[in-house]
Amino acid sequence: MSRTIAQPDGPSCAPSRAARELDLKRGEFDLAVNLGLIRTVPGEGAGGRRVSRAEIDRLRAEDTFPDGLRERVRTVGTKEGAELMDVPASRFTNLARFGLLVPVRFYLNRYRTVVWLYPAYELRQFAAEESNARLLTGRTPEEVREGLKAGLDRRPRNWRGRQTGFLRRQAGDDLWAQAAAIACLLDPADVTDVVEDPSERAHLLRCRPRLPVHGAPGSPAAELAGQLMTASEPDEVAWLRADLAHTTELARGNRRPAPRPGPAPAPQPTQVGLTTSPSLWALSTPAPAPPSLPPAPAAHPPSPSAPVRTGLLGLLRRRGRRPDR
């Protein structure tokens, strides 16, 4: 039985095909792109980003391919991360809450508990640094203890900061897309306050990047995820608002104003069908002007000296008259 073999689609590949050729799952491929491990190029039209054939060949030519690439995008949770760093899970959580370990992803389990995921290779690098030895063994430093006592948890904020970098990298040189990447992590009221032009806000909404989806829209899981993905700390909100205002101003001055809707067309008279009542038709369609008729000839009374009609017609008319009685 014959089998059709798909041919490479030109000098660049769609993400799904590139993931297969690099022996990665789609989630691993997306994370590799976000981390800058795989370079992408703009696609034609609205096709999204693509991967050049040269980039795929470069990655496949590495000595550690494919295990090395897969290892760099491997993510771990608290338990496995603590084992990689050879520390108790409680100390790992404290370091992450204080902001020393930055998560790259999160998900909600069946109990709607947030599970943070970290790049495994970053954890190994952190543990290998000699300057971090005091954080891994012995008594926890005073500044870390004080922050944890105050309820400090920088994991959501660090995730949002990392996500902003991912989205701005995907936006490339498009300043409006970069502004949309910042706006998607702000409350809509803050975006309205910073970007007052409704046309510009509508364009930012069209450029809005896709954020991770957690649960059905309107579900408790989706609402919780939305809170985590929205800046809440005052200094973070102030920084994002300033960044949004600056990036939007750059986009305006880059000779690329946000597209605006064209002028509304002038209203046209409604074409009413033949079944419409005469009154409505008269309102929508002007009545046609009466046709111009040739002027009627002037009527002249018969002259008394006019000759009497003769012939058959005159005979019939005379016979039809009744005698006067």
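Rules used throughout
- What you see as residue numbers is a count from 1 along each chain, following the sequence as written.
- Whole-chain, interface and lining totals are the exception, using all residues; otherwise, since this is a predicted model, local features are given only for residues with pLDDT of at least 70 and side-chain atom pairs are given and counted only at 80 or more.
- Excluded from the side-chain calculation are hydrogens and water; included are all heavy atoms of the structure.
- Here a strand is any run of E in DSSP of at least two residues, a helix any run of H or I of at least four, and the numbering for each starts at the N terminus.
- Any residue under 20% of the maximum accessible area for its type is buried, any over 50% is exposed, and the rest in between are partly exposed; the area is computed with a 1.4 Å probe on protein chains only.
- Every residue pair with non-hydrogen atoms within 4.5 Å of one another is taken to be in contact.
- Residue burial considers only the protein chains on display, and all accessible areas are found by Shrake-Rupley using a 1.4 Å probe.
- Any two strands with at least two DSSP-identified bridges between them are counted as paired.
- To pair, rings of Phe, Tyr and Trp, with the six-membered ring standing in for Trp, must have centres within 6.5 Å; the planes then decide the type, stacked if under 30 degrees apart, edge-to-face if over 60, and tilted in the middle.
- Placement of a charge over a ring requires the Lys NZ or Arg CZ to be within 6 Å of the ring centre, with the centre-to-atom vector within 35 degrees of the ring normal.
- The axes are straight lines fitted to the C-alpha atoms, using for helices just the contacting stretch, and the angles between their N-to-C directions are given from 0 to 180°.
- Each angle gets one of four labels, with under 35 degrees taken as roughly parallel, over 145 as roughly antiparallel, 65 to 115 as roughly perpendicular, and the rest as oblique.
- By convention the crossing between two helices is left-handed if the near helix lies anticlockwise of the far one by an angle smaller than a right angle, and right-handed if it lies clockwise.
- By the convention adopted, Pro, Cys, Tyr, Trp, Phe, Met, Ile, Leu, Val and Ala count as nonpolar, Lys, Arg, Asp and Glu as charged, and the other residues, Gly among them, as polar.
- Directions are taken from the helix axis to each C-beta atom, and the arc is the one they span.
- We define the nonpolar core as a collection of buried residues of types Ala, Val, Leu, Ile, Met, Phe, Trp, Tyr and Cys that are connected through side-chain atoms lying within 4.5 Å of one another.
- Any carboxyl oxygen of Asp or Glu that lies within 4 Å of a side-chain nitrogen of Lys or Arg is treated as forming a salt bridge with it.

A. How the structure looks around the overall build of the protein chain. Across its full length, the protein chain carries 17 helices and six strands. Here the protein chain holds 325 residues, and the buried ones make up 34% of them. Look at the contacts in the protein chain between residues 6 or more apart in sequence, and 66% of them connect residues 24 or more apart. As presented, the protein chain carries roughly 21,700 Å² of accessible surface, and 55% of it is formed by carbon and sulfur atoms.

B. Spotlight on the sheet that holds strand 2 (residues 41–42). In spatial order, the strands read 1-3-2; together these three strands make up an open sheet with antiparallel pairing. For this open sheet the edge positions go to strand 1 (12–13) and strand 2, each flanked by a neighbour on one side alone. Pairing analysis gives two bridges linking strand 1 to strand 3 (residues 49–52), with the strands arranged antiparallel. Of the residues in strand 3, the one forming a bridge with Cys13 is Val51.

C. Just the packing of aromatic side chains, in detail. In the structure shown here, the tally under the stated rule is three aromatic pairs. Consider the rings of Phe92 and Tyr118, whose centres lie 5.2 Å apart with planes at 90°: the pair is edge-to-face. A residue pair is termed long-range when its members are at least 10 positions apart, and Phe92 in helix 6 (residues 89–98) and Tyr118 in strand 6 (residues 114–119) qualify at 26 residues. Its relative accessible area of 0% is what places Phe92 among the buried residues. The buried category is assigned to Tyr118, whose relative accessible area is 0%. Taking the centre distance of 5.3 Å and the plane angle of 55° together, the rings of Phe106 and Trp116 count as tilted. Of the two residues, Phe106 is situated in strand 5 (residues 105–108) and Trp116 in strand 6; the sequence distance between them amounts to 10 residues. Looking at Phe106, the relative accessible area reads 6%, which means it is buried. One residue, Arg72, lies across the ring of Tyr121, its end atom 5.1 Å from the ring centre. When the ring centre of Phe98 is taken as reference, the NZ or CZ atom of Arg154 above it lies at 5.2 Å.

D. Representation of the packing of helix 10 (residues 155–171) against helix 11 (residues 175–183) in the model. Contact geometry for helix 10 and helix 11: axes closest at 8 Å, N-to-C directions at 160°. As the angle between them shows, helix 10 and helix 11 are arranged roughly antiparallel. Both helix 10 and helix 11 take part in a crossing whose hand is right-handed. Across the interface between the two elements, Leu167, Arg168 and Ala171 from helix 10 touch Ala177, Gln178, Ala181 and Ile182 from helix 11. Class assignment of the residues belonging to the contact of helix 10 with helix 11 gives a composition of five nonpolar, one polar and one charged.

E. Region of interest: helix 14 (residues 220–228). All of the buried residues along helix 14 are Ala221, Ala222, Ala225 and Leu228. Projected down its long axis, helix 14 shows its buried positions confined to an angular sector of 120°, all on one face.

F. Local environment of the environment of Arg139. Structurally, Arg139 can be placed in the loop between helix 8 (133–136) and helix 9 (142–149). Once residues within four sequence positions are removed from consideration, Arg139 is found in contact with Arg91, Arg134 and Arg145.

G. The arrangement of the nonpolar core in detail. By size, the foremost hydrophobic cluster in this structure holds 25 residues, and its most contacted members are Met85, Phe92 and Leu101. Those elements that place two or more of their residues in this core are helix 5 (78–85), helix 6, strand 6, helix 7 (120–128), helix 8, helix 10 and helix 14. Leu101 has contacts with Met85, Phe92, Leu95, Ala96, Tyr118, Leu123 and Phe126, leaving out every residue within four places of it along the chain. If you look at the next biggest cluster of nonpolar residues, it comprises 20 residues, including Leu31, Leu37, Ile56 and Leu69.

H. Molecular detail of the environment of His214. On the secondary structure map, His214 appears in the loop between helix 13 (198–206) and helix 14. Spatially, the C-alpha atom of His214 lies 7.3 Å from that of Leu108, the residues being 106 residues apart in sequence.

I. Summary view of the pattern of salt bridges. This model, assessed by the stated rule, comprises 24 salt bridges. Ionic pairing is found between Glu55 and Arg39, a salt bridge with its closest N-O pair at 3.0 Å. On the criterion of sequence distance, the pair formed by Glu55 in helix 3 (residues 53–60) and Arg39 in the loop between helix 2 (26–34) and strand 2 is long-range, its members being 16 residues apart. For Glu55, a relative accessible area of 3% corresponds to the buried category. The residue Asp153 makes a salt bridge to Arg97 at a minimum N-O spacing of 3.7 Å. Here Asp153, found in the loop between helix 9 and helix 10, pairs with Arg97, found in helix 6; they are 56 residues apart in sequence, far enough to count as distant. For Asp153, a relative accessible area of 24% corresponds to the partly exposed category. Given the relative accessible area of 23%, Arg97 is considered partly exposed.

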